[in-house]
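Breakdown of the fold
Read off the chains here:
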Amino acid sequence: MTSEHYEVLAVRYGTRQASAAEVFLNYHAYREPDRPLRMDYFFWVARGPARTVVVDTGFSPAGGASRGRTMLMDTEPALRAAGTAPDAVAQVVLTHAHYDHIGGLPVFTGAEVLMTRAEYDFWTGPMGRRGQFAHTTEASEIDCLRELRKAGRLTLTGRAHQIAPGIELTEVGGHTPGQAIVTVATRGGPVILASDAVHYYEELERDRPFSTVADLAAMYAAFDRIREMAAEPGARVVAGHDPLVAERFTGRAGSDDVIRFSS
Ligand SMILES: [Zn+2]
């Protein structure tokens with residue numbers, strides 16, 4: 001019954017040039033020279049025989065432009081590049097409420113939207129408006145979440161939630177108070193969409209936390225949890241912002257904007 005399998009796609013819709021000192025927390029502690037590091041921006045699509053589920057939505061043109069990010073594709077063209085369209089999407093899962101994950105939400109006019117209750121409560125509460133938190137979100141986009149909730153289209157989940165047969169959400173926290181990861185069953189084994197619990201593989205492989213962090217101990221614990229999940233046969237971890245996603249899974253260090261995990 002729960003043997004539903006999906007094709008998973010990582011869609012690269014944006015990019016920017018960053019550096020190691022910008023992306024790793026207290027990078028000076030490693031006593032290494034700074035180095036350029038590209039940051040790619042993705043959302044993810046899980047397509048099965050019965051439904052298509054989208055995980056995150058990308059930033060809005062305004063949200064990206066005000067931060068100097070390069071948008072390669074707006075949400076709708078990016079969905080088309082992945083062979084789907086907003087009205088074909090049954091559910092949209094938001095791993096967290098940062099601008100580069102929820103900005104494309106308005107194109108999904110019919111889908112059920114899901115996110116963790118911890119994440120929603122934080123960003124709609126007073127602490128989410130404090131400077132060091134607020135700059136990672138757009139106030140209008142947080143309002144959009146409130147409106148969806150009022151309209152009965154936003155489902156708030158607990159720490160573990162089955163989105164659909166073969167698609168599980170797990171709240172790990174760390175990067176944001178209710179940061180979630182999403183595991184999708186494919187024929188070849190589980191694909192773990194780590195989103196911003198792991199921006200770069202280096203976080204997981206060298207135990208290096210990311211610079212934007214709500215709870216450092218929870219971020220380390222999330223690394224442990226994801227390593228455990230990754231030990232399952234056939235499991236693949238998909239990092240949230242790493243250009244290595246293309247390199248590792250297509251064998252090309254190039255410019256593929258749609259990366260497939262089908263088997
Ligand atoms: Zn984030």
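Residues numbered from 1 in each chain as written. Predicted model: local features only at pLDDT ≥ 70, side-chain atom pairs only at ≥ 80, totals over all residues. Heavy atoms only, no water.

Focus on the overall build of the protein chain
In plain terms, the rule: To qualify as a helix, a DSSP run of H or I must reach at least 4 residues; to qualify as a strand, a run of E must reach at least 2; elements of each kind are numbered from the N terminus. We compute the radius of gyration from the C-alpha atoms alone; for a globule the expected value is 2.2 Å times N to the 0.38, where N is the number of residues. Residue exposure (1.4 Å probe, protein chains only): buried if accessible area is under 20% of the type maximum, exposed if over 50%, otherwise partly exposed. Note on contacts: a residue pair qualifies if any of its non-hydrogen atoms lie within 4.5 Å across the two residues. When charges are counted, Lys and Arg are positive and Asp and Glu negative, with His and the chain ends excluded. By convention, charge coordinates are those of NZ in Lys, CZ in Arg, CG in Asp, or CD in Glu.
Along the protein chain, the regular secondary structure elements total 10 helices and 13 strands. Relative to the compact-globule value of 18 Å for 263 residues, the protein chain shows a C-alpha radius of gyration of 17 Å, a close match. Taking the principal axes of the C-alpha coordinates as reference, the protein chain spans close to 50 × 40 × 30 Å. Counting across all 263 residues of the protein chain, residues that qualify as buried make up 55%. By sequence separation, contacts in the protein chain at least 24 residues apart represent 68% of the contacts at least 6 residues apart. The average position of the 27 basic charges and that of the 33 acidic charges among the side chains of the protein chain differ by 1 Å.

Structural notes on the coordination of the zinc ion
Applicable threshold: Distances up to 2.8 Å from the metal define which N, O and S atoms are donors, and 3.2 Å serves for Na, K and Ca; water is absent from the atom set, so sites may look incomplete. Between 85 and 135 degrees for all angles marks four donors as tetrahedral; over 155 degrees for opposite donors together with 65 to 115 for all other angles marks four donors as square planar and six as octahedral; every other arrangement is irregular.
Taken together, the protein donors to the zinc ion comprise His-96 (NE2), His-98 (ND1), His-175 (NE2) and Asp-196 (OD), at separations of 2.2 to 2.3 Å. Relative to the metal, the four donor atoms surrounding the zinc ion lie at angles of 84 to 178 degrees, and the coordination shape comes out irregular. Sequence spacing of the donor residues for the zinc ion, all on one chain, is H-x1-H-x76-H-x20-D. Taken together, the residues span a long stretch of sequence, with His-175 in the loop between strand E9 (167-171) and strand E10 (180-186) and Asp-196 in the loop between strand E11 (189-195) and helix H8 (201-205) at a distance of 21 residues.

Brief notes about the pattern of salt bridges
The line we're drawing: Criterion for a salt bridge: a side-chain nitrogen of Lys or Arg within 4 Å of a carboxyl oxygen of Asp or Glu.
Enumeration over the complete set of coordinates arrives at 18 salt bridges. Among the ionic pairs, Arg-51 bridges to Glu-4, the shortest N-O distance being 3.2 Å. With Arg-51 in the loop between strand E2 (36-47) and strand E3 (52-55) and Glu-4 in the segment before strand E1 (7-19), this pair connects stretches of sequence that are 47 residues apart. Accessibility expressed as a relative area gives 22% for Arg-51, which makes it partly exposed. Among the salt bridges present, the one from Arg-227 reaches Asp-207, with a minimum N-O distance of 2.9 Å. In this pair, Arg-227 is assigned in helix H9 (residues 216-230) and Asp-207 in the loop between H8 and H9, connecting sequence segments 20 residues apart.

Some thoughts on the nonpolar core
The nonpolar side chains of soluble globular proteins are, as a tendency, buried together. Where we set the bar: By convention a nonpolar core is built from buried Ala, Val, Leu, Ile, Met, Phe, Trp, Tyr and Cys residues, the set being connected through side-chain atoms within 4.5 Å.
By size, the foremost hydrophobic cluster in this structure holds 81 residues, and its most contacted members are Leu-145 and Leu-193. The greatest single-element share of this core, amounting to eight residues, is contributed by E2.

Here's the deal with the pairing of E10
As a reminder of what qualifies: Here, strands pair whenever DSSP counts at least two bridges between them.
Buried residues dominate E10, accounting for six of its seven residues. Relative to E10, E9 runs antiparallel, the two being bridged by five bridges. Pairing of Glu-171 across the sheet is with Ala-180, part of E10. The pairing of E10 with E11 spans five bridges and is antiparallel. Bridge pairing in E11 places Thr-183 opposite Ile-192.

Remarks on the sheet that holds strand E12 (residues 236-239)
The test is simple: The axes are straight lines fitted to the C-alpha atoms, using for helices just the contacting stretch, and the angles between their N-to-C directions are given from 0 to 180°.
Spatially, E8-E9-E10-E11-E12 is the arrangement adopted by the five strands of the open sheet, whose pairing is mixed. Each edge of the open sheet is held by one strand with a lone partner, namely strand E8 (160-164) and E12. If you compare each strand with its neighbour and ignore which way they point, the axes differ by 25 degrees on average. As judged from the four bridges shared by E11 and E12, these two strands associate in the parallel manner. Its bridge partner lying in E12, Ser-195 is registered against Ala-239.

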